[in-house]
Amino acid sequence: MRNLELRQSECHSGFEDLANVHCISIDCDTNYLYAATSRGIVGFDPSNQQIVCNVSLIDEAYLPSDGSGRVVGIQHLPDQQSVCVATLEGEVILWDSTTNQLECVGSVDTGLTGMTWSPDQELVILTTSRDTLVMMTKDFDPIIEVELHSEEFGEQKPVTVGWGKKETQFHGSAGKEAALKKEEKVGKISEWDDGLTRVSWRGDGQLFSVSSINSKTGTRNVRVWNREGVLQSSSEILNGLEQSMAWKPSGSLIACSQRLPHRHDVIFLEKNGLKHGEFTLPFDKLQVKVVEMMWNVDSTVLALWLEELPNGDTSVGNYTPKTYIQLWTVSNYHWYLKQSLEFNAVKESKVMAVQWDPEHVYCIHIMCYGGNYLKYTWSWATNHSQGVSESDGAYVAVIDAGRVMLTPFRSVVVPPPMCAYYIQFSSNVNQVFFGPTQNSNDVGVVLADGTVALYEFTEDRSVVDKSVCIQAAGGNGFNRTVSSHRQRGIYRIINNGKPVDCSSPLCWSHFTWISKSKILAVAMETNCSESRIYELHLENGPSDTEDQLVVSSSTMVDGSVYCIHSNTEDNVVVQLSDGSLLRYDTTTCTATPWTLKTGLQVRFPQPCVQMNICHFAGEEAVLGLTERYRLYVNDVEVASNCTSLAVHEDFLLLTTHSHTCRCVSLDNSVNALLSMGENSVLDESIRRVERGSRIVVAVPNDTRVVLQMPRGNLEAIHPRALMLSAVKRHLDTLQFNQAFIAMRKHRINMNLIYDHNPEVFLENVDKFVQQLDDINHLNLFLADLKAEDITISMYNAVYPKDRQSNIILAEKVDLVCDSVRTALQEIDQSKYFLSIITTLIKKTKPELEEALLKIKKLKDNPTATSGCSADEALKYVFYMVDVNDLYNVALGTYNFDLVIMVAEKSQMDPKEYLPFLNKLRKMESNYQKYSIDKHLKRFNKALCHISKCEDHWEECVQLIEQQELYVEALRLYDIKSVQYQKIGSLYAEHLQGLRQYEDAALMYSRCNHDDEALEMYIKCGNWRQALCIAIKLQQSNQQLAELARQLASNLHSHRHYEDAAYLLEYYVDDIEEAVVSLIEGCLWQQALLVIYRHQRLDLIETNLKPGLLQNYNTYTALLESMVLQFERHKERLQVVRETKQKRLQGLFDEDEPYDKDGDLFSDTSSIGRSSVGSIGRSSQSQYSQYSSSNSRVSGRSSKNRRKAERKKYSLKEGSEYEDLGLLDALSGIIQKVDKMKDDIASLLKMLVQYHYDNKAVDLQSALDKLCKLIDRSIHQIWKTEIETDSSTQPVLGPKSTANSIAMAMMDANRTSKPLNVEELAFHIPPKINKDVSWKLQQLQVKS
């Protein structure tokens, strides 16, 4: 639904040397135009309007001096810096543009009718007057010369399988008479056929087609030849085939013209010569002739050069025809006439040559007879209304010849080539523009005759303009549902009281409607270095006079105007061809540079074919999109793959080459847009779309976005970002019903109604219920509730990142259900009965019992005002709750009527539940409830009921033991009761089996089983309680002593030396054993106290001093080994780190062993059996391999799993995680030293006390040495921050081999892997206690 919109036009006239041009060629390097005339070759530079060369072919006798000569072909050859021309007399001439030398490179005696070069300019085709074809190389070496008219079809001749004759075949509705009908005789060529041969190459240069007249049959045929000059195919015989022909560069079709008895067509031939489609020209069958046709570079536009034919009253000799240049495009299998250039029937305006620019896709060059040069440049544009309110109909206008097809996409989506309605004009349409913002539905049309038609939108459907045609309404039996336009007037531009001169087509362009009575336009200038912007005021004349657009003012700007955009009367931006932006002031009629707040002028790096003005975070910005899909915001490129854009109220919508539709919030600042990438965080919604989709229009104040696919069909989508934005606006204005409808239609989570603003929702629950007013809608909302804040989970992209959720998720569902139920009960409890049931069922703990009781109540007392019956309510509950669960809930109420009601409405078999219910009815009440609760596995309730049945005590005990309900059972009985004693004993035995001896001892004590309690206390090591129980049992002193010795032995084995010594001293009276126990625990002070308390000084010599010396020797040896171990680990860590660094730099020796994969590489080849691709696997796959290899370990206990995980950090040299293992070992040494300080401090004091000064000095010095070593080394071992290697890529170079590169990739892949929590802990140094109070001052040795 795009139109070709004129961007630039140039008109240069008055050059006598360019008069009566035969053909032209374009130099892409210098933009020179080379024209061939009857006198020679003329070079013209349009940029400075000068003739750069004028080479006479008459002087060299290549052309006759009387001016009757003709050049049949011209081609600029950039590789040879030459221009090649061919004359009708048969000369092929090469002019060197650098030396200005002419050279005749070939001559054909019979004369030439044409010269055509291949697209790669490697081959040239010459057609002669004798109907022969000559193929030559670019050096003019002949390749082949063949006859044009061959009797053969060609190499691609179709094979006939001989399936019957025409007389025996089915002829459909034509009947059997068609079999007898003779073929129509092919007519001769028309009298307007120039008789010349046409040659057209396919875009890839592999094939070319030739259209020529067969002198024998007098008919024109199209034949296809390959690059070697071999005939491939011939066209089917077509009546009325004309001379014009052009092969589509993409290679699919060959365009020709055909004049039929009742119409004039442009037809398309396949390369096999068969016809494939056509379209009819908008002229009478004898009104025009097609002089030439040509495709643009990308095959999207077909240009037709047409001339009017003389009528019967006109003398052909003096007749000057009116000329047309038409641009046709195709979409959805329909051909549109997008531009029509009409040249007056004046000899000076007659078109003599037309050519598409070889580089710019939509640029065309035209030469007229009088020496006028015209250049037009178009681009694709979607013409749609620019309103921002709901009154804007989102109209899109499509030009097709003399009609403008209009579709209001707010109301209907009509795929092209259809439309809602169209406006028919007597002249072809060249431009469409829409009204200003306040009248955005009004439309203006620029016609090919230079007039401007304005149509205003009217809501009155009874007013029907004759030029407005509604195809499927009114007379066809349909009622109109869309308002349409009516004509405001046909205006002619008036300047200084006279109509403006429109001698050249498209002399006025860039029409922009900025206010109700003011239009901006740009007139064609002869000087392309400047342009003039005109303000046109609408003046409707009397009924008998012509409406006028009067020029009220004009503004000159430096440069050629490329594009104008306006969103308000006071906000008009003008873009020049160099990308400069100007702000046009409508009050002062001045154009000043567009500047930012900083004062810097804005200029697009490249001209942009689409512009728009919007505000990012309140800052005004100009958007620009180039033909090369680059998107600019002001003068900065923010995207390089944008295919289309549209500005919505809160979003910038983009489609990209990655086939996505992206929505960028306008709340972002301009600076933030600079970081917009392929997966930018600025995108609130990225939606996949069909390949090649483009935005047609985004409906204002709506969520609909219309996309057009490459083949032309439409798709209306609702991007999620736009939908959520609309829903948020509805919720903010308490329009709950509109929000709900949109959310249901587009499947947006219903939790958003509450999560958007919980406080507001709870305050307006009654309004929410009243607006929805539909039970199904309310139930849908309630059924979707879940304990989640979707504003920070599902839809976090459209809410602020710092949004603080005040929703208590655990209470959310219950709170909403209770609030809604309260509102429903207050408004109409009967009407909303099902919704009330839903609020009970949807709660976190469904209140199914209460829901069933309400249904039972409704069944017992039905009301006429109730919204549903009890049966309907129960069926509804079955949809939400499993029938078995509901049956169990009903059974748990002990109400058999309720159970029967549920069972009857379910699919349960009566043979299953009736016997069970009958059995329950016969039971005693408490035992009945016990049976029901046990059946429902509600064992706590079952225990409460069975405890009341004294006759079923054994069954009660069995239940307690099976379900381990000891604690619950003890609460049901008095502590002095027999039942309590029995249950307590069973519980103690149960705890004893679980090895919970202390708990078992307590239960035995409560049940007065002291012997068992004593045994449990002994096992758990609680010696105090054990002695208390023994004394309570009145054991003898000897028994107590034996018990104390037993307890002391257990405590000693568990390293509780002090408690063991206490028992031995006070209960066993074994002083020596008590002292030995304290010495073994290094409790020197306590041991000395016991010795002196009992006056056993002999134990000092026999036990204490030997213990001191033994501990001194142990600590001395331990410290020495720790120093050696610490230094060894430290040095090894340095080596591992250096090796790792070398490996990352590609300097690692290939022969050096490296980790567990080292044996994968071959010793004789540059790389092993594993490919580099498999070596460079992702860290995720590495982790997966490790996990799979240890799958057996994962099934073990947590202790074994931790042990297996620690094995990974082995100290084995060359292992993968050796560096982490060394860090772990060093950290363990440091922590062990910290723990030793207190024990060594106590030992030092005792050594000094008993005069072992030298040993004390040695021990303190050894520990101090180790502490200083740790202090010096800790900053070398643990860096201040975790090092990360930036050079993760393998180093390549002349000395690198496949092995070194592969290993570097492996190591880079491993090091780039993110550290987990456990590995991160290794890189944190251990905390060191800096306190030196453990040292004795008297042992300090001064150096």
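Residues numbered from 1 in each chain as written. Predicted model: local features only at pLDDT ≥ 70, side-chain atom pairs only at ≥ 80, totals over all residues. Heavy atoms only, no water.

1. Here's the deal with the sheet that holds strand E48 (residues 619-625)
Then comes step 1: Pairing in this open sheet of four strands is antiparallel, and the strands run E47-E48-E49-E50 from one edge to the other. Both edges of this open sheet fall to strand E47 (610-616) and strand E50 (636-639), since each of them pairs with a single strand only. Direction aside, the axes of adjacent strands within the sheet are offset by 30° on average.
Then comes step 2: As judged from the three bridges shared by E48 and strand E49 (residues 631-633), these two strands associate in the antiparallel manner. Bridge pairing in E49 links Leu625 to Leu631. (Pairing = 2+ DSSP bridges. Helix = DSSP H or I, 4+ residues; strand = E, 2+ residues; numbered from the N terminus. Axes fitted to C-alpha atoms, helices over the stretch in contact; angles between N-to-C directions.)

2. Describing helix H33 (residues 1218-1249)
Helical periodicity: at 3.6 residues per turn, an α-helix aligns residues three or four positions apart in one direction.
Then comes step 1: For H33, spanning 32 residues, the distance from its first C-alpha to its last is 46 Å, which sits close to the expected 46 Å at 1.5 Å a residue.
Then comes step 2: Residue His1251 follows H33 closely and has a positive phi angle near 65°. (Expected span 1.5 Å × (residues − 1).)

3. Quick word on empty space enclosed by the protein
Over the atoms a probe the size of a water molecule is rolled, and this reveals where empty space is left.
Then comes step 1: For the coordinates displayed, the defined rule picks out four cavities of 30 Å³ or more.
Then comes step 2: In this structure, the largest cavity spans a volume of roughly 120 Å³.
Then comes step 3: If you go around the largest cavity, you meet 16 residues; those closest to its centre are Ser9, Val522, Ala523, Ser531 and Ser560.
Then comes step 4: Of all the secondary-structure elements, those providing two or more residues to the lining of the largest cavity are strand E1 (3-12), strand E39 (508-515), strand E40 (518-523) and strand E41 (530-539).
Then comes step 5: Here the element with the most residues in the lining of the largest cavity is E1; it accounts for four residues. (1 Å grid on protein atoms, 1.4 Å probe; cavity = no way out; pocket = protein on both sides within 12 Å on 5 of 7 lines; lining within 4 Å. Points joined across faces, edges and corners; volume = space filled by probe spheres on them.)

4. Observations concerning helix H21 (residues 997-1006)
Then comes step 1: Buried within H21 we find Tyr997, Ala1000, Ala1001, Met1003 and Tyr1004. Within H21, the buried residues cover an arc of 165° as seen down the axis, which keeps them to one side.
Then comes step 2: Phi turns positive one or two residues past the end of H21, at Asn1008, with a value near 65°. (Buried < 20%, exposed > 50% of the residue type's maximum accessible area, 1.4 Å probe, protein only. Arc of directions from axis to C-beta.)

5. Some remarks on the packing of aromatic side chains
Then comes step 1: Applying the stated criterion to the full structure yields 33 aromatic pairs.
Then comes step 2: Seen in terms of ring centroids, Phe433 and Trp513 are 6.0 Å apart; in terms of plane orientation they differ by 70°. Their pairing is edge-to-face. Highlighted residues: Phe433 in strand E33 (residues 429-434) and Trp513 in strand E39, separated in sequence by 80 residues.
Then comes step 3: Given the relative accessible area of 5%, Phe433 is considered buried.
Then comes step 4: Its relative accessible area of 5% is what places Trp513 among the buried residues.
Then comes step 5: Across the ring face of Tyr336, the terminal group of Lys338 is positioned such that the distance to the ring centre comes to 4.5 Å.
Then comes step 6: A cation over a ring is seen here: Arg403 above Tyr422, with NZ or CZ 3.9 Å from the ring centre. (Phe/Tyr/Trp six-rings, centres within 6.5 Å; stacked < 30°, edge-to-face > 60°. Lys NZ or Arg CZ within 6 Å of the ring centre and 35° of its normal.)

6. Focus: the pairing of strand E11 (residues 123-128)
Then comes step 1: Within E11, six of the six residues are buried, leaving the element largely enclosed by the surrounding structure.
Then comes step 2: Here E11 shows a buried face lined by Leu123, Ile125 and Thr127 and a second buried face lined by Val124, Leu126 and Thr128.
Then comes step 3: Note that strand E10 (residues 112-117) and E11 share five bridges and pair antiparallel. Looking at E11, one finds that Gly114 is bridged to Thr127.

7. Examining the pattern of salt bridges
Then comes step 1: Tallied over the full model, the rule gives 36 salt bridges.
Then comes step 2: A salt bridge links Glu620 to Arg583; the shortest N-O distance between them is 3.2 Å. With a gap of 37 residues between them, Glu620 in strand E48 and Arg583 in strand E45 (residues 581-585) connect regions that are remote in the sequence.
Then comes step 3: Overlapping salt bridges bring together Asp818, Arg821, Lys843 and Glu847 as one network. (Salt bridge = Lys/Arg side-chain N within 4 Å of Asp/Glu carboxyl O.)

8. Remarks on the environment of Leu576
Then comes step 1: Checked against the element boundaries, Leu576 lands in strand E44 (residues 571-576).
Then comes step 2: Look at Leu576 and you get buried, because its relative accessible area is 4%.
Then comes step 3: Note: C-alpha distance between Leu576 and Asp558 (18 residues apart in sequence) is 8.4 Å.
Then comes step 4: Those residues in contact with Leu576 that sit more than four places away from it in its chain are Val557, Asp558, Gly559, Ser560, Val561, Tyr562 and Leu582. (Contact = heavy atoms within 4.5 Å.)

9. Focus on the sheet that holds strand E26 (residues 351-356)
Then comes step 1: Judged by pairing direction, the sheet is antiparallel, and its four strands sit side by side in the order E1-E28-E27-E26 without closing on themselves. One side of each edge strand has no neighbouring strand; the edge strands of this open sheet are E1 and E26. Averaged over all neighbouring strand pairs, the angle between strand axes comes to 20°, with direction disregarded.
Then comes step 2: One ladder, built from five bridges, connects E26 with strand E27 (residues 363-368); its direction is antiparallel. Opposite Val354, over in E27, you have Ile366 as the bridge partner.

10. Re the pairing of strand E30 (residues 395-400)
Then comes step 1: With six of six residues buried, E30 is to be regarded as a mostly interior element.
Then comes step 2: Judged by which residues are buried, E30 turns out to be covered on both faces: Tyr395, Ala397 and Ile399 on one side and Val396, Val398 and Asp400 on the other are all buried.
Then comes step 3: In this sheet, E30 lies alongside strand E29 (residues 383-384) in antiparallel orientation, the contact comprising two bridges. Note on E30: the bridge partner recorded for His384 is Val396.
Then comes step 4: Direction of pairing for E30 relative to strand E31 (residues 403-408): antiparallel, over a ladder of six bridges. Considered in E31, the bridge of Asp400 is made with Arg403.
Then comes step 5: Counting the residues between successive antiparallel strands, the hairpin from E30 to E31 contains two residues, one of them, Ala401, with a positive phi of roughly 60°.

11. Comments concerning the environment of Glu1120
Then comes step 1: Inspection of the secondary structure assignment puts Glu1120 in helix H28 (residues 1098-1144).
Then comes step 2: Using a relative accessible area of 53% as the deciding quantity, one classes Glu1120 as exposed.

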